[in-house]
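# Report on the structure
What follows is each chain in one-letter form.
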Amino acid sequence: MKRLVRTTTGSRPALATALVLTLVAGGFAAWQGQSWYAAAHDDSAAYAAQRDRALAAGQQAVQNLNTLDHRRVDQGLDLWESSTTGELHQELVQGRKEFAGQVKAARTVTSARVLSGAVTELDDRAGRARMLVALRVTVTTPDDKSTDKDSRMLGELTRVDGQWMLSGLGQAPVGGTASGG
């Protein structure tokens, strides 16, 4: 009499292969999830985003402070004041009346365009930043003659209620001095 023996060896390799593929897929998904989490919670990404926000706000503020139309002086000076904080803001407020009179008398239109800019220092915790901006300022006189001037400016920014504002502005030195020796 013959015994019938049933073997399931034909289905075991398929089951083993499926199990291995499931484990590999699960491991890959876990690795990807960990990578995504690490990238989403990376301090350097948050720092870079804060730097970009400071740069954008600073460039706009420098452009604002170098743009003024004698026909809309009050609007322009309001924009200057809303772009600034600290001592720079106080200087603008205190000198507003005298400066408005000078601009109206000169009857000039000044417009600025930022050519490039960079944040040179950022202290995110303290809410302070420094930047360098290159811009082109166009001055149009009452006889419609225009003059362009390129300049570099150094700005200081302070974060106020989550917004970056210009707290200092000055001309950047142009060129270097050769030292002998």
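Everything discussed here concerns the structure shown above.
Okay, so let's go over this structure. (Residues numbered from 1 in each chain as written. Predicted model: local features only at pLDDT ≥ 70, side-chain atom pairs only at ≥ 80, totals over all residues. Heavy atoms only, no water.)

## Concerning the overall build of the protein chain
For the protein chain, the count of helices and strands is 4 helices and 5 strands. Reading the helices (α) and strands (β) of the protein chain from amino to carboxyl end gives α-α-β-α-α-β-β-β-β. Burial status across the protein chain gives 28% buried among its 181 residues. Residue pairs at least 24 apart in sequence account for 51% of intrachain contacts in the protein chain once pairs closer than 6 positions are excluded. As displayed, the protein chain has an accessible area near 12800 Å², and 55% of this comes from carbon and sulfur atoms. (Helix = DSSP H or I, 4+ residues; strand = E, 2+ residues; numbered from the N terminus. Buried < 20%, exposed > 50% of the residue type's maximum accessible area, 1.4 Å probe, protein only. Contact = heavy atoms within 4.5 Å. Areas by Shrake-Rupley, 256 points an atom, 1.4 Å probe, with all protein chains shown as cover.)

## Focus: the environment of Leu 88
Its place among the elements puts Leu 88 in helix H4 (residues 86-106). Overall, the relative accessible area of 11% leaves Leu 88 in the buried class. A sequence separation of 81 residues divides Leu 88 from Leu 169, and the C-alpha atoms of the two residues are 7.7 Å apart. For Leu 88, the residues in contact, after removing those within four places along its chain, are Leu 65, Leu 166, Ser 167, Gly 168 and Leu 169.

## Concerning unusual backbone geometry
Look at Asp 144: it is not a glycine, yet its phi comes out positive at around 65°. Looking at where Asp 144 falls in the secondary structure, it is placed in the loop between strand E3 (128-140) and strand E4 (146-160). The phi dihedral of Asp 161 is positive, around 50°, even though this residue is not glycine. Its place among the elements puts Asp 161 in the loop between E4 and strand E5 (163-171). Given a relative accessible area of 78%, Asp 161 falls into the exposed group.

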